[in-house]
Amino acid sequence: IEDVRILGNQSVTVRELQQQIKTRADRPFDKEQVEEDVRRLIAMRRFVTVDVSYQTGPKGGRVIIFRVVERPTLKYVKYVGNSIRDRSLDKQTNLKGGDAADPFMVTEAARKLEEFYRSKGFPHAKVTVFEGDRPGDQGAVFLINEGQKQSIWKVDFIGNTIATDARLRTQVQSKTPILMLFKGEFDRVKVDEDVDRLTSYYRGLGFFRARIGREIKVDPDGDWITLTFVIDEGPRYKIRNVQIVGNTKIGTEELMAKLDLNSGEYFDRETLNADVRQIEDAFGSVGYIFAAVEPGTKFMEQPGELDLVYRIDEGARYRIGRIDVKIEGENPRTRRNTVLNRISLYPGQVADIRELRDSERRLKASGLFLSDPAQGVAPKIVFKDPALEDAEFAERPDRPNPPGGPSGGRAGPRGGNFRGQSPDSERELVLEFNGRLRPDVRRDQDEELRKVEHLNRPAVNYRAQSPVNVGQVPLGRTGPDSLSGRLNGASASPAWNQVAQNTYPQSAYPQAAPSYQPGSTYTPPPSTPAYGTQPQYAPQQYTPPAYGQPAAAQPPAAYGAPAVQGGYANQNFGQPQFAPNGAVQPNQIPPPAYGAQPYAPPQGPGVTQGDLYEPNGPFSRGDSDGYLEPTRPIDVIASVQETQTGRIQLGVGVNSNAGVVGQVLIDEQNFDWRRVPRSWEDIRNGTAFRGGGQQFRIEAIPGTVVSRYSVVYRDPYFLDTPYSLSMSAFYFNRFYQDWTEGRLGGRVGLGRQLTPDLSGSMYFRGENVNISNPTVPTPQQLQDAVGDNALYAFGLDIIHDTRDSTFLATQGHYVKLGFEQAIGSFDYPRGTFEGRQYFLLHERPDRSGRHVLSLSTDLGISGTRTPIYENYFAGGFSSLRGFAFRGVTPLVGGVQIGGRFQWVNSVEYLFPITADDMLRGVVFCDFGTVEQSVKLNADSFRVALGAGLRVTIPAMGPAPIALDFSAPVNNADGDQVQNFSFFIGYSR
């Protein structure tokens, strides 16, 4: 594109129009983008017509010309009779002076005003268009008759037994005013919607005959409304029987084991939806990504009973083909590898819907891409059926088959970037092949395959070995136990070993004639079949040998002719029948290669004579719930939109441990150290040092008690590998009670997410620790550390985390094991164990209002030469509540010296206070000790009892505000007591 011109505009500036279109000079010509720009200009409703034309520029490029014809404009917009401010009404009409004069838009604006007034508690408001709804009107004038405003005085419920009034109030939009002053307007539309919400709420809990009515009472003055919902709950239905029908690839017993909603339990829609996802995941984990599960109910004659039936349409089985990346934005700067690193799907891998969802979750959690559920914008990974030339997408695999049906078809248009196919640069190509091009699947995927394919047998684990075709990676093993090993050197690529498809990769056929015995009349094909054609065989006859007997010296049957019905010793294996493309029909044993030894049956415990061969796949049981089809390729597209990833933040805060602190923060979450600016344009457009998905942070926190200055760099996928690299440099200074401590140093760590729940990391930290201003008299432990101290430590951490939430967890556990060896001025080892377990004790029928019991322990043991500045100190919100920060410690001469042994525990009970769960209460008991040696001393064992509040404000995110009051029951001499602690966004 050489130039972009806009002609015909008069009142609308060129700059305003350029902001609406994305077609730019010096960019590649894209006709679809030009058509999208035309639609954008028309959507402004400022023009009667928008036309586009093309010319050839002086340099041979395209000149794109947008010709617009403007509408007449409104000179004014007025409201008459309104008590609400004009500015608020302008937001509803979206009209202003200078806009195009459109009678339809003016009439539509009057309707919007009436809806707005009704939502504000004016149920009888009427808006009339006085001017603007006729051609030739100069402006828009609205006459407003507001009527009387009505607010809700009270919301009551009658007939409810399964839920309290307070809980049902959280399900409706109609509410009383806050402090009887703000909001709480009466809106009949919302009341009708509330009836539907309550009906859905009750039916979701199994009350299928529930009926909801509402009664509206107006006070004598007409200002206040008493709203009463009348509820007839009816019987609550229980599950009598659960059935699964339509499954042929996975056994019914295995699917039933995944269900939580079983016979004898009350119907629950949320649990039902979770069970549907479990069944879909079971099929989606082994390639049936479009398997559809439709739950249905059969109501019995006996009231309150029903049968639950899951109907399954399995669809076709797929493997991953191409993986493309689409990054949207005005000036995309994110590398494609930054997206690919967070996608755990690989070309050739059996498609796994769980991996797709986990990949989407990683993209959302990265913070690099726009995620706004309110606008329906979020990172998405969608499937594209390669059989469709128009490249239709399937955003959610909720259909039995993707668009185009289960047939193969020809490959549609492909492009974009994916691992090893079209990376950003040659350097990235090397990185992708070295670091990521491998079938690194979830730890449980292979186990799921083994279950479904019945391969978990002690004696044999066979999978067919075939050449690696275009876009195809074999799932099986190699070696003496493989199929090729069992055939004793026979050709690994006979026709029956190929997938029955409508297309034929050239590499799928033998490049030379298979082996045959001398003297036979077999004539090999004259040449390799052309791509997309069917192989032709010489018209010879071939009789399969009896099972267990040597192959006869005869060539295979003529192509397309049935094999001679011949004798396998064990008829359970069936007879081989050649398919039209040369493949053996499913569940049939292929004949051995001409002149080779026949296939020997599997031997060993657990192996039955029904184990049959599957074309291009694993051995499988011959029954209906053990057979897996061959896979078809399906392309994947990851679509993301860039968002703001950098920030500069100034703030001030206070907490119980650190006093008053300030904050100056510069943070970039999409940093890239490799993108050094090559021009000022790289800096201006934000390309410099951006796009790699790395994290770079500079932070200064000066404070009255503690000051911290740090620079942190982290790459979650170092060099495009599954390993994370973190580096930091810092300066720390704190005024403790008995000395001043300053630390200057850095840390380097390397980690790996081993499984979705298990991670490991190793690190090195080096610091110079300066101890100054010691208290007088100075104990020996403190005197030994005064001055500069060198600290070098090597550590290893293993973490297993199954919590359902980082904040306010209700189920699961968190376990961390750590070991560290320090050298330098002081040499010592250190071992730590941290564990937390959460038990869900009770919840409401709708799964809200959870009561949770949590147990936690923190154990640490350090070596005898541990310096005072590395000793353990307890006390504070995250340790022993009821004591001040570092207020639990051994004393020597009144000086806090810390200990080499720490054991801190907590038992906490969390319960809801409000029906919306915004306010929760806790009662707890913290207990433990810090000692100079590994021992427990009853005289110094600390115990504290307390209670507190957890306040969750949706606008502030999931992090709760914690307010705790605690009093020690048992403490040691010299402990510092602090009854109240306050934290925001902290997880114990």
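Residues numbered from 1 in each chain as written. Predicted model: local features only at pLDDT ≥ 70, side-chain atom pairs only at ≥ 80, totals over all residues. Heavy atoms only, no water.

Enquirer: Which residues make up the packing of aromatic side chains, and what values go with them?
Expert: By the definition in use, this model includes 26 aromatic pairs. Ring geometry for F671 and F696: centres 4.9 Å apart, planes at 20°, overall stacked. With a gap of 25 residues between them, F671 in strand β20 (residues 659–671) and F696 in strand β21 (residues 694–701) connect regions that are remote in the sequence. Taking relative accessible area as the criterion, F671 reaches 13% and is therefore assigned buried. Given a relative accessible area of 25%, F696 falls into the partly exposed group. Taking 6.3 Å as the distance between ring centres and 80° as the angle between the ring planes, the aromatic pair formed by F671 and Y713 counts as edge-to-face. Of the two residues, F671 sits in strand β20 while Y713 sits in strand β22 (residues 706–715), which places them 42 residues apart along the sequence. Taken together through their ring pairs, the aromatic side chains of F208, Y237, F267 and F299 make up a single cluster. The aromatic ring of F924 is capped on one face by R881, whose charged end is 3.6 Å from the ring centroid. Across the ring face of Y736, the terminal group of R886 is positioned such that the distance to the ring centre comes to 3.9 Å. (Phe/Tyr/Trp six-rings, centres within 6.5 Å; stacked < 30°, edge-to-face > 60°. Helix = DSSP H or I, 4+ residues; strand = E, 2+ residues; numbered from the N terminus. Buried < 20%, exposed > 50% of the residue type's maximum accessible area, 1.4 Å probe, protein only. Lys NZ or Arg CZ within 6 Å of the ring centre and 35° of its normal.)

Enquirer: Mind laying out the sheet that holds strand β2 (residues 47–56), listing which residues take part and the relevant values?
Expert: Taking strand neighbours across the sheet as the criterion, the 3 strands line up as β1-β3-β2 in an open arrangement whose pairing is mixed. Two strands close off the open sheet at either side, each with one partner strand: β1 (3–7) and β2. Strand after strand, the sheet turns through a mean of 15° between neighbouring axes, direction not considered. Summarising the sheet, β2 and strand β3 (residues 62–70) pair through 9 bridges and their orientation is antiparallel. Across the sheet, residue T49 finds its bridge partner in β3, namely V69. With respect to the sheet, helix α2 (residues 31–43) is in contact with β2 and β3, its orientation differing from that of β2 by roughly 155°. (Pairing = 2+ DSSP bridges. Axes fitted to C-alpha atoms, helices over the stretch in contact; angles between N-to-C directions. Contact = heavy atoms within 4.5 Å.)

Enquirer: An account of the sheet that holds strand β12 (residues 305–313) is needed here, citing residue identities and associated values.
Expert: For sheets, the rule is that strands pair by backbone hydrogen bonds, running either parallel or antiparallel. If you walk across this open sheet you meet the 3 strands as β10-β12-β11, and the pairing is mixed. Either end of the sheet is taken by a strand with one partner, and the two such strands are β10 (238–245) and β11 (292–299). Each neighbouring strand pair of the sheet contributes to a mean axis angle of 20°, computed without reference to strand direction. Bridging between β10 and β12 involves 7 bridges; their strand directions are parallel.

Enquirer: Before we move on, can you summarise a nonpolar patch on the surface with the specific residues and values?
Expert: A cluster of nonpolar residues, Y723, L750, M762, L796, I798 and L817, forms a patch on the protein surface that exposes about 510 Å² of accessible area. On the secondary structure map, M762 appears in strand β25 (residues 758–772). (Patch = residues over 30% accessible without salt bridge, like charges linked within 9 Å, V, L, I, M, F, W, Y side chains within 5 Å. Areas by Shrake-Rupley, 256 points an atom, 1.4 Å probe, with all protein chains shown as cover. Salt bridge = Lys/Arg side-chain N within 4 Å of Asp/Glu carboxyl O.)

Enquirer: Before we move on, can you summarise the packing of helix α3 (residues 86–93) against helix α4 (residues 103–119) with the specific residues and values?
Expert: Relative orientation of the contacting elements α3 and α4 amounts to 120°, with a least axis distance of 9 Å. Regarding the angle of α3 to α4, the classification is oblique. Between α3 and α4 the crossing geometry is right-handed. Contacts between α3 and α4 involve L89, Q92 and T93 from the former and A109, K112, L113, F116 and Y117 from the latter. Of the residues that constitute the contact of α3 with α4, the class distribution is 5 nonpolar, 2 polar and 1 charged. (Parallel < 35°, antiparallel > 145°, perpendicular 65-115°, else oblique. Left-handed = near helix turned anticlockwise from the far one by under 90°. Nonpolar A, V, L, I, M, F, W, Y, C, P; charged D, E, K, R; others polar.)

Enquirer: Give me the lowdown on the environment of F819, citing residues and values where you can.
Expert: Tracing the backbone shows F819 in strand β27 (residues 812–824). Owing to a relative accessible area of 46%, F819 belongs among the partly exposed residues under this scheme. Taking the C-alpha atoms as reference points, F819 and S862, 43 residues apart in sequence, are found 9.8 Å from one another. Contacts of F819, omitting those with residues within four sequence positions, involve F794, G795, L796, D797, P829, R830 and G831.

Enquirer: Please provide a residue-by-residue account of the nonpolar core, values included.
Expert: Counting residues in each nonpolar core, the largest one holds 24 residues, and the members touching the most others are I289, Y318, V339, I381, F383 and V636. Elements supplying a minimum of two residues to this core: β13 (318–328), α9 (336–340), α10 (353–365), β14 (380–384) and β18 (632–641). In terms of residue count, β13 provides more of this core than any other element does, 5 residues in total. Within the second largest apolar cluster, 23 residues are counted, among which are V242, I244, F283 and V286. (Core = buried A, V, L, I, M, F, W, Y, C linked by side-chain atoms within 4.5 Å.)

Enquirer: An account of a positive patch on the surface is requested, with residue identities and associated values reported.
Expert: Where like charges cluster on the molecular surface, the positive patch consists of K120, K149, K183 and K190. By the element assignment, K190 lies in helix α6 (residues 188–204). For K190, a relative accessible area of 31% puts it in the partly exposed group. (Lys, Arg positive; Asp, Glu negative; His and termini not counted. Charge placed at Lys NZ, Arg CZ, Asp CG, Glu CD.)

Enquirer: If you had to explain α2 to someone new, which residues and values would you point to?
Expert: Across its 13 residues, α2 extends 19 Å between first and last C-alpha, which sits within 8% of the 18 Å expected from 1.5 Å per residue. Buried residues in α2 make contact with α1 (14–18), β2 and β3. If you check the start of α2, you find a side-chain oxygen 3.1 Å away from the backbone N of E32, and it comes from D30. Immediately beyond the C-terminal end of α2, within one or two residues, lies R45, with a positive phi of roughly 60°. (Expected span 1.5 Å × (residues − 1). Polar contact = N/O pair within 3.5 Å; in protein donor to acceptor, adjacent residues only side chain to side chain.)

Enquirer: Break down the pairing of strand β34 (residues 919–931) for me, citing the residues and quoting the values.
Expert: As paired elements, strand β33 (residues 901–912) and β34 share 12 bridges and run antiparallel to each other. Note that in β34 the partner of L910 across the bridge is V922. The loop that links β33 with its antiparallel partner β34 comprises 6 residues; one of these, D917, has a positive phi angle of about 65°. One ladder, built from 10 bridges, connects β34 with strand β35 (residues 942–951); its direction is antiparallel. The partner of V922 across the bridge, within β35, is G948.

Enquirer: Before we move on, can you summarise α10 with the specific residues and values?
Expert: With 13 residues, α10 extends 18 Å between its outermost C-alpha atoms, agreeing within 8% with the 18 Å of an ideal straight helix rising 1.5 Å per residue. Turning to α10, its buried residues are I353, R354, E355, L356, D358, S359, E360 and L363. Just downstream of α10 lies G367, where phi reads positive at about 75°.

Enquirer: An account of the pattern of salt bridges is needed here, citing residue identities and associated values.
Expert: If you walk through the whole model with that rule in mind, you get 50 salt bridges. Between D156 and K154 there is a salt bridge whose closest N-O contact spans 3.7 Å.

Enquirer: Explain unusual backbone geometry residue by residue, including any values.
Expert: Here the amide bond leading from V776 into P777 is cis, since omega sits at 0°, within 30 degrees of zero. Assignment of secondary structure puts P777 in the loop between β25 and α15 (780–783). Positioned with a positive phi, R847 is a non-glycine residue whose angle comes to about 70°. Looking at the element boundaries, R847 is found in the loop between β28 (828–842) and β29 (851–862). Owing to a relative accessible area of 28%, R847 belongs among the partly exposed residues under this scheme. Positive phi, normally seen in glycine, also occurs at D917, with a value near 65°. Within the secondary structure layout, D917 lies in the loop between β33 and β34.

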